[in-house]
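Results of the structural survey
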Amino acid sequence: MSFPSVDVSRRGFLRGSAALGGVSFLAACGGGDGDTKSSAAKIDTSKVDSEVAQGLQDIFGPGGEEGGSGVTLTAGMLLAMTGQGSFFGKVMSQGAQLAAAQIKSADGITYDVKIGDHKSGDVPTALTVTRQLVTQDKIKILQTSYGAPSEAIVPLIGQNKLLSFNGGGSSPGQVAKPFLWQTRMIFGDDPCPGGLAWIAKEYPDAKKLAIVGTQENGVAGAKEIGPAVWAQLTGGTVVANEQHDVGATDFSSIVARIKSSSPDAILTFSFGDDVGYLVKQLREANVTVPIMGIEFTEQAAKVAGASYDTYNFATDFYDPKNPNPWNQIFVDGHNDMFGSDPEYYGANYYEQVFFVWELVRRVLADGGDPTDTTALQSALEANPEFKSLYGGDASAPGTVQFNPEDHTISKPMGVFKVTNGQPSKIADIVKIASGDDPASALV
């Protein structure tokens, strides 16, 4: 599989991009036995729109020596480039690719991307590819994805001091690990109380809850947090708690069991295309109760069709219509380079590259070595606040804050409804501590 090609003659690429050192793609061949192949695609243009570069410098500071223009960082990405989750690998890699190009255009660092394929969550492959990224490509930064593969490589991250970020499958097993930072709220667990509080408020007679999830992400939410919160909010019970394999398309047996349990509401921690198939098949079976999910992708909306207009979800959702100035640079650049608005996962991996750029700037300002990942992490711990695509307004970017103790992040969250396949926010929710009144999660 080759990396997505880019038409360098397009107007927008000239607006949002500059020369990249190169993009390599590593895909394990066979059963994760170390047999790999790589191919490289170089992106280059001699023209850079000064308006984009100036816009980024206005937000982040000048380029040149202060902006790390002489610094090169080799960064790995551990993504689902093949298999049922290849949509995620595509949008995540596009986000990082665009960020690297835009930072270079602003006379910033050179962010040299090497892409590894964990085949949509295969743990042995993830371990093999990560070792290759370290030993062969000499990466210092890692952008990882999915819960199980990222948990499996935790020892490699620590041993090699890879400054790592996960903006996809954040999970409890990745919390408080050396050099590993979550750039999304913990999948399922953090938004679960707020999502259920919204259901309890909007449907006060609802007492019986059905839960659907996987063993990949949101496990604590499905098994512990959801049932406990629902009982606190409503005095009700969980009448079904179903699990399915990641990548499932046939939910007929699960739908039948849920229908027979006669729930008043459904909470699902399914993700990717899976949730689209689930919602569609529930509605086709005439299960009409409210459904609360944890994420939204346009791909899943296409799978579900019109039935997705009955779907709600609670998460730290990215809105491409957010007028904050940095977000508009991102949206314009993404449309010009890839021909579409960006979405949640692409936004997270785009942001991560800018987090690294900001850390380089801080280390340089202190007279340190910007290629030393220990120094980069120390700069993060000393000041865990960063500019963000999330939040903000037309005059300024939003901000996000890392927790230096457990390496999680705090971002704006909400409950969203889907109308004509597009989401819109209907309530704000916040993360609550264990033991807090779950009703307080709904703002």
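Note that the coordinates shown come from a computational prediction; the quantities given were computed from them, not determined experimentally. (Residues numbered from 1 in each chain as written. Predicted model: local features only at pLDDT ≥ 70, side-chain atom pairs only at ≥ 80, totals over all residues. Heavy atoms only, no water.)

Let's shift gears to the pattern of salt bridges. Counted according to the given criterion, the structure contains seven salt bridges. Of the charged contacts, one joins E358 and R362 as a salt bridge, the two residues approaching to 3.0 Å between their closest N and O atoms. Of this pair, E358 and R362 both sit in helix α13 (residues 344-365), four residues apart, which is roughly one turn of that helix. In this pair, the class of E358 matches that of R362, namely buried. A salt bridge links K425 to D428; the nearest nitrogen and oxygen atoms lie 2.7 Å apart. Here D428 falls in the partly exposed class, since its relative accessible area comes to 36%. (Salt bridge = Lys/Arg side-chain N within 4 Å of Asp/Glu carboxyl O. Helix = DSSP H or I, 4+ residues; strand = E, 2+ residues; numbered from the N terminus. Buried < 20%, exposed > 50% of the residue type's maximum accessible area, 1.4 Å probe, protein only.)

Next up on the list: the nonpolar core. Ranked by internal contacts, the top residues of the largest apolar core, which has 85 residues, are I109, Y111, Y350 and F354. Examining the composition of this core, we find that 13 residues originate from one element, α13, more than from any other. Those residues in contact with F354 that lie beyond four places of it in its chain are L56, F60, A99, Q102, I103 and W326. If you look at the next biggest cluster of nonpolar residues, it comprises 26 residues, including V289, A300, A304 and F416. (Core = buried A, V, L, I, M, F, W, Y, C linked by side-chain atoms within 4.5 Å. Contact = heavy atoms within 4.5 Å.)

This paragraph deals with the packing of aromatic side chains. The final tally for this structure, using the stated rule, is 30 aromatic pairs. Aromatic pair F60 and W326: ring centres 4.9 Å apart, planes at 85 degrees, arrangement edge-to-face. Here W326 lies in helix α12 (residues 325-338) and F60 lies in helix α2 (residues 50-60), a separation of 266 residues in the sequence. With respect to burial, F60 and W326 carry one shared label: buried. Aromatic pair W326 and Y350: ring centres 5.8 Å apart, planes at 35 degrees, arrangement tilted. Of the two residues, W326 is situated in helix α12 and Y350 in helix α13; the sequence distance between them amounts to 24 residues. Like W326, the residue Y350 is buried in the burial classification. (Phe/Tyr/Trp six-rings, centres within 6.5 Å; stacked < 30°, edge-to-face > 60°.)

Bringing the side chain of H244 into the picture now. Assignment of secondary structure puts H244 in the loop between β9 (237-243) and α9 (252-261). Residue H244 is classed as buried on the basis of its relative accessible area of 9%. Of note is the side chain of H244, whose polar atom sits 2.7 Å from the side chain of S270. (Polar contact = N/O pair within 3.5 Å; in protein donor to acceptor, adjacent residues only side chain to side chain.)

Residue N286 is not a glycine yet carries a positive backbone phi of 65 degrees. Locating N286 in the fold gives a position in the loop between α10 (273-284) and β11 (291-293). On the basis of relative accessible area, N286 is assigned to the exposed category, the value being 57%. If you check the backbone angles, H407 has positive phi at about 70 degrees while not being a glycine. One can find H407 in the loop between β14 (396-402) and β15 (409-410).

Here we take up the confidence of the model for the protein chain. Fine structural detail should not be taken from predicted coordinates in areas where pLDDT scores are low. Confidence in the prediction for the protein chain averages 90 pLDDT; 89% of positions are at 70 or higher. pLDDT under 50 marks residues 1-22. Its contacts with residues more than four places away, or in other chains, come to 70 contacts. When the criterion is pLDDT under 50, residues 28-48 qualifies, and its contacts beyond four places in sequence or with other chains add up to 54 contacts. (pLDDT = per-residue confidence, 0-100.)

Turning our attention to the sheet that holds strand β13 (residues 385-393). Read from one edge to the other, the open sheet built from three strands follows the order β13-β14-β15, with strand pairing classed as antiparallel. One side of each edge strand has no neighbouring strand; the edge strands of this open sheet are β13 and β15. Examined bridge by bridge, β13 and β14 share six bridges and lie antiparallel to one another. Of the residues in β14, the one forming a bridge with D393 is A396. Seen against the sheet, α12 touches β13 and β14 and runs at an angle of roughly 85 degrees to β13. (Pairing = 2+ DSSP bridges. Axes fitted to C-alpha atoms, helices over the stretch in contact; angles between N-to-C directions.)

Right, let's get into the pairing of strand β10 (residues 265-268). Of the two faces of β10, the one carrying A265 and L267 and the one carrying I266 and T268 are both buried. Bridge count between strand β8 (residues 208-213) and β10: four bridges; the pairing is parallel. Looking at the pairing, A210 lines up with I266 of β10. One crossover worth recording links β10 to the parallel β11 by way of α10, and it is right-handed. (Right-handed = clockwise from strand over helix to strand, strands pointing away.)

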